[in-house]
Amino acid sequence: MTDQSYNFAYLDEQTKRMIRRAILKGVAVPGYQVPFASREMPMPYGWGTGGVQVTAACLVPEDVLKVIDQGADDTTNAVSIRKFFQRTAGVATTEATAEATVIQTRHRIPEQALTAGQILVYQVPIPEPLRFLEPRETETRKMHSLEEYGLMHVKLYEDIARHGSIATAYAYPVRVEGRYVMDPSPIPKFDNPKLSDSPALQLFGAGREQRIYALPPFTRVVSLDFDDHPFDPSKAPHDCDLCGAAESYLDEVITDDAGSRMFVCSDTDFCRSRREAGHVGRLGETAGGGA
Amino acid sequence: MYVAVKGGERAIDNAHAFLAEERRGDPAVAELSTAQIREQLRLSVNRVMAEGSLYDPDLAALAIKQARGDLIEAVFLLRAYRTTLPRFGASRPVETARMACTRRISATFKDAPGGQILGPTFDYTHRLLDFKLAAEGALPPAAPTAPVPTSDLPHITGFLNRDGLIQSETAYDDIPPDLTREPMELPASRALRLQALTRGDEGFILSLAYSTQRGYGRTHAFVGELRIGTVAVEMDIPELGFAVEIGEVELTECETVNQFAGSKTEPPQFTRGYGLTFGQTERKAIAMSLVDRALRWKELGEDDSGAPAQDEEFVLMHADNVQATGFLEHIKLPHYVDFQSELELIRKLRAEALTAIGAARQEAAE
Amino acid sequence: MTHDALTGGFSDAPTQSARAFRAILDALSRPGTIVTVTGATPPAPLSQAAGLVLLTLADGTTPVHLAGAADTPAVRDWITFHTGAPLVAAAQATFALGTWDALAPHDRFAIGTPEYPDRAATLIVELPSLSSRGPQLSGPGIRDRATLSLPETAAFKANHALFPLGFDCILTAGNRLAGLPRSTKVESA
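Parameters and conventions
Residues numbered from 1 in each chain as written. Chains lettered and ligands numbered in written order. Predicted model: local features only at pLDDT ≥ 70, side-chain atom pairs only at ≥ 80, totals over all residues. Heavy atoms only, no water. Helix = DSSP H or I, 4+ residues; strand = E, 2+ residues; numbered from the N terminus. Rg over C-alpha atoms; globule rule 2.2 N^0.38 Å. Buried < 20%, exposed > 50% of the residue type's maximum accessible area, 1.4 Å probe, protein only. Contact = heavy atoms within 4.5 Å. Areas by Shrake-Rupley, 256 points an atom, 1.4 Å probe, with all protein chains shown as cover. Lys, Arg positive; Asp, Glu negative; His and termini not counted. Charge placed at Lys NZ, Arg CZ, Asp CG, Glu CD. Core = buried A, V, L, I, M, F, W, Y, C linked by side-chain atoms within 4.5 Å. Axes fitted to C-alpha atoms, helices over the stretch in contact; angles between N-to-C directions. Parallel < 35°, antiparallel > 145°, perpendicular 65-115°, else oblique. Buried area = accessible area lost by both parts, 1.4 Å probe. Salt bridge = Lys/Arg side-chain N within 4 Å of Asp/Glu carboxyl O. Polar contact = N/O pair within 3.5 Å; in protein donor to acceptor, adjacent residues only side chain to side chain. Arc of directions from axis to C-beta. Pairing = 2+ DSSP bridges. Domains from an automatic or database assignment. Nonpolar A, V, L, I, M, F, W, Y, C, P; charged D, E, K, R; others polar. Phe/Tyr/Trp six-rings, centres within 6.5 Å; stacked < 30°, edge-to-face > 60°. Lys NZ or Arg CZ within 6 Å of the ring centre and 35° of its normal. Disulfide = S-S within 2.5 Å. Left-handed = near helix turned anticlockwise from the far one by under 90°.

(A) The arrangement of the overall build of chain A in detail. The helix and strand inventory of chain A stands at 7 helices and 12 strands. Against the 2.2 N^0.38 benchmark of 19 Å for 291 residues, chain A shows a C-alpha radius of gyration of 20 Å, consistent with a compact globule. Evaluated residue by residue, chain A yields a buried proportion of 65% over its 291 residues. Pairs at least 24 residues apart make up 62% of the contacts formed inside chain A by residues separated by at least 6 positions. In the structure as shown, chain A presents an accessible area of about 10,100 Å², 51% of it carried by carbon and sulfur atoms. The averaged location of the 40 negative side-chain charges in chain A is 6 Å from the averaged location of its 31 positive side-chain charges.

Pasting the structure below:
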């Protein structure tokens, strides 16, 4: 039931208009971070206030909302955000990726390919890909305007010199349509290829840092690399122990005091639907059999 | 057998119930009323109003009660509420020269028209725990009263200004920016900086100010004047064609007199720093005026000594305790996915490095 | 102020503006897509779609420029009453509304700055009709190729050449609209 003491989707209309204008400019200039007057939300900065504001500005009553954190629908912060929108927008919710019209995510892109008409909203902590190389906003803004991305390549190259390969495993920087270097939020680099040419609209919201950016559908997104060190979207060399999936991103779980480990899909909906379809992993039979 | 963790929703509900119970504490002890907080923990209420950017002692008291006395959490509650309020308009600038002062001191002149008023200050109390306060019930003896000054109290810096000894500020009628409605843009105007400082974390502003006193961007500040009291808030009502008083607020205002600037063509003049905060919050107001002054180095033709308090972007981007707390504490949220990606990477890099070291050793042995 | 100025707005702003925004978002993020919208009844000569865009996106913080025949007392009153947007000259406009010819010369609108390309105008271009017959479009939001009945190609080519600067367009006709952001490459069919 919608809470009548707040406006539809919590935000007042003026705030939504401001956010909507920022989203449209973000769509018009893919990968460019549009400043917006992020509001103080009733949840802490760093816990998805940017994503929540973008979702709130996009939702219509007919939407079906899915919220995931680390790929899972039932992690505490995902539960909390889903509940917020159930209460303030009264929208239907789902755990099934295919049924959702809007998906708010933290740190993952769902395994199942997204479709036209879906919107994926990312929660972003630090939207500036150059931030850890140059902490000043006044400087990084200039670097983006001049397309001066040498510093980023130097950093990646130094990684190679020191470690033999690029030492960035998540929030791996990308170049959008050959123009802006963009932070894809802290998704594992395994997810990076899904950013490019997606039929879905991807929106990124950073509340504390007051930035919104976007990837329209079918936008070309390239992970930065070198000819002799091509981008490698690797993941743990295991199959899911519950559903047997070989190509999904895995959580590592420590199962006993001796340090035994198992690997399970981080995308809980993907894993569940595979198991329902009869797929069984190394330890899945026992789990499914209820022994 | 492994069962994936479920039941996040129930865990959250239970945690909230536990929190409510802890907030109340021992039910054998009488419940604290918000009126008690408002009246007896007034300096907490003032700080929450100042950093919450909302002047409402009752709501601030409620926020403090709800936050179990965690003042940053209370600031957050007040801010989140403030965001939802409709804007009816803006008041006229408040006239602090017409402040009904409960406290007014100057460190630069022994006496001045209007006199020095110590007011309700801790300044000369001996910091000895007063065990009598532990026993409840006794009312303090009434404090002696003085007649309320009938005329305006002129600003001390005004006397310096009259002789041209202090740089004068140019008045302007532009509508000041509002960082709660527009994204922060750097470099910032002084008005925007002052807004960020007045709602900034007291501890952060205090430490920055202290650092300037110890030499990191020193400005030789004297408290020209510190005044605390109530001022009328007036608003223009277009339908009426004149301004009406809509209420009054308690403010602390601090003006510092700082080291002079000057050149071959300009005779030396003192410079100013300014602090203005809600309520009796004098530590914050003084600290704010020092940081304001340090940030003015460019406009006053001083050198950038690289001090933190001179660094506008550093100060403005890190002064907000609600932002800082949120981002700091978010690292306790699940990060399995990014951690896992690092875990895989470090295993891979170690394996490669160990192979390389092994090969080198073998080569050396051969 | 005419009586008509008071009517033709949203009856339930939160949900109507949300649906309208999604339609506009869909159009701008998928150039070439034509969407049908409802919810606004602005005074002539404004189309329903153009009126809806203003109701959804304009307010006291977004100056609006009315070009040519769109600049009538009735339209001014309607915009002022429903959005509070100040009416301004072309160069100051966040939104500009008129027929393509009335909006000319098109280089008088804000195109953003290198550091803030978002500070660019959005043109609401009133067309007699809207169809998918016309110049070829490619770029972000478009799988391979799309086509759209644009009033010309040269000005859009020139605008795209400024990328990441440039204005963005929402094309309106009756109750239909389409989007043409600066990121779209336009070529004669």
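Having seen it, we continue.
(B) Just the nonpolar core, in detail. Membership of the largest hydrophobic core comes to 86 residues, with the highest contact counts inside it found for I23, F85 and L203 of chain A together with L25 and L177 of chain C. For this core, the leading source of residues is helix α1 (residues 13–29) of chain C, giving 8 residues. Once you skip the residues sitting within four places of it in the chain, I23 of chain A turns out to touch V54, A57, C58, L203 and I212 of chain A together with F21 and L25 of chain C. Core analysis: the next-biggest nonpolar cluster, separate from the first, contains 25 residues, A121, L123, F167 and A178 of chain C among them.

(C) Just the packing of helix α3 (residues 76–89) of chain A against helix α1 (residues 8–24) of chain B, in detail. It is the contact of α3 of chain A with α1 of chain B, at a shortest axis distance of 9 Å, that shows an interaxial angle of 80°. In this view, α3 of chain A runs roughly perpendicular relative to α1 of chain B, as classed from their interaxial angle. For the pair α3 of chain A and α1 of chain B, the contacting residues are T76, V79, S80 and K83 of chain A in the first and G8, E9, I12 and D13 of chain B in the second.

(D) Molecular detail of the interface of chain B and chain A. Contacts between the two partners involve 47 residues from chain B, matched on the other side by 66 residues from chain A. Taking both sides of the interface into account, the surface hidden between chain B and chain A amounts to around 4,500 Å²; carbon and sulfur atoms contribute 58%. In this structure, the connection of chain B to chain A is made through 5 salt bridges. We note a salt bridge from D13 of chain B to K83 of chain A, for which the minimum N-O separation is 2.9 Å. Counting across the interface, chain B meets chain A through 21 residue pairs in polar contact (both at pLDDT 80 or more).

(E) Focus on helix α5 (residues 154–161) of chain C. Residue and element names in this part refer to chain C. Listed as buried for α5 are A155, F156 and N159. Each buried residue of α5 lies within a common arc of 95° when the element is viewed along its axis, so the set occupies one face. On the buried face of α5, the contacting elements are α4 (100–103), β7 (168–173), β8 (176–180) and β9 (185–187).

(F) Fine view of the pattern of salt bridges. Counted by the stated rule, this structure contains 63 salt bridges over all chains. Linking R272 of chain A and D269 of chain A is a salt bridge whose minimum nitrogen-to-oxygen distance equals 2.5 Å. Placement of the pair is R272 of chain A and D269 of chain A together in helix α6 (residues 268–276), with a separation of 3 residues, close to one helical turn. Among the residues examined, D269 of chain A registers a relative accessible area of 4% and is labelled buried. Measuring nitrogen to oxygen at the nearest pair gives 2.7 Å for the salt bridge that ties D26 of chain C to R30 of chain C. You can call R30 of chain C buried: its relative accessible area is 13%. Among the charged side chains, a network of salt bridges with common partners joins E169, R190, R193, E255, R272, D292, R296, E299 and E312 of chain B.

(G) Structural context of the sheet that holds strand β4 (residues 102–106) of chain A. All names here are of chain A. Spatially, β1-β9-β8-β5-β4-β2-β3 is the arrangement adopted by the 7 strands of the open sheet, whose pairing is mixed. Looking at the sheet topology across the chains shown, the edges are occupied by β1 (34–35) and β3 (92–93). As paired strands, strand β8 (residues 201–206) and strand β9 (residues 211–215) are joined by 5 bridges and run antiparallel to one another. Paired with L203 across the strands is A214, a residue of β9. The strands that helix α1 (residues 13–28) touches are β1, β8 and β9; relative to β9, the one it contacts most, it runs at about 45°.

(H) Representation of the domain arrangement of chain B. One can read the domain layout of chain B as domain 1 (11–83), domain 2 (96–121 + 150–171 + 179–326) and domain 3 (334–365). One C-alpha centre belongs to domain 2 of chain B, the other to domain 3 of chain B, and the line joining them spans 55 Å.

(I) Molecular detail of the domain arrangement of chain A. All names here are of chain A. When cut into domains, chain A gives domain 1 (13–126 + 173–222) and domain 2 (235–282). Computed from C-alpha atoms alone, the centre-to-centre distance between domain 1 and domain 2 is 26 Å. Listed per partner, the contact involves 15 residues of domain 1 and 10 residues of domain 2. Between domain 1 and domain 2, a total of about 920 Å² is buried, with carbon and sulfur atoms accounting for 49% of that surface. Sorting the residues of domain 1 by area buried against domain 2 places R108, E111 and F190 first, and these three jointly supply 47% of that buried surface. The tally of links between domain 1 and domain 2 comes to 0 salt bridges. Inspection of the domain 1/domain 2 interface yields 7 residue pairs in polar contact (both at pLDDT 80 or more). Looking at the side of domain 1 that touches domain 2 residue by residue, the classes come out as 5 nonpolar, 4 polar and 6 charged.

(J) Molecular detail of the sheet that holds strand β6 (residues 146–147) of chain C. All names here are of chain C. Judged by pairing direction, the sheet is antiparallel, and its 3 strands sit side by side in the order β6-β5-β9 without closing on themselves. Pairing within the sheet leaves two strands with one partner each, and these edge strands are β6 and β9. As paired strands, strand β5 (residues 136–138) and β9 are joined by 3 bridges and run antiparallel to one another. Among the inter-strand pairings, L137 is bridged to a residue of β9, identified as V186.

(K) Region of interest: the side chain of R106 of chain A. Its place among the elements puts R106 of chain A in strand β4. The exposure class assigned to R106 of chain A is buried, which follows from its relative accessible area of 2%. Of the polar contacts made by the side chain of R106 of chain A, one reaches the backbone oxygen of P334 of chain B; its length is 2.9 Å. A polar contact of 3.2 Å, which involves the side chain of R106 of chain A, links it to the side chain of H335 of chain B.

(L) How the structure looks around the packing of aromatic side chains. For the structure shown, the criterion picks out 10 aromatic pairs over all chains. Centroid distance Y157 of chain A to F226 of chain A: 5.7 Å. Interplanar angle 80°. Geometry classified as edge-to-face. Pair noted here: Y157 of chain A is in helix α5 (residues 150–163) and F226 of chain A is in the loop between β10 (221–223) and β11 (250–254), with a separation of 69 residues, a long-range link. Between the NZ or CZ atom of R208 of chain A and the centre of the ring of F327 of chain B, over which it lies, the distance is 3.6 Å. A cation over an aromatic ring shows up here: R119 of chain C above the ring of Y116 of chain C, its NZ or CZ 3.7 Å from the ring centre.

(M) Region of the structure containing the side chain of R79 of chain B. With respect to the helices and strands, R79 of chain B occurs in helix α5 (residues 71–83). Polar side-chain contacts of R79 of chain B include one of 3.3 Å to the backbone oxygen of R199 of chain B. Apart from residues no more than four positions distant in its own chain, R79 of chain B is found in contact with E40 of chain A together with E51, G52, R199, D320 and V322 of chain B.

(N) Fine view of the state of the cysteines. Enumeration according to the criterion identifies 0 disulfides over all chains in this entry. Of all cysteine sulfurs in the structure, the one in C240 of chain A sits closest to C271 of chain A, which takes part in no disulfide; the separation is 3.7 Å.

(O) Local environment of the packing of helix α2 (residues 48–57) of chain C against helix α3 (residues 73–83) of chain C. Residues and elements named next belong to chain C. The interhelical angle for the contact between α2 and α3, taken along N-to-C directions, is 35°, at an axis separation of 9 Å. By crossing handedness, the relation of α2 to α3 is classed as right-handed. Between α2, through G51, L54 and L55, and α3, the contact on the second element is made entirely by W78, I79, H82 and T83. Looking at the contact of α2 with α3 residue by residue, the classes come out as 4 nonpolar, 3 polar and no charged.

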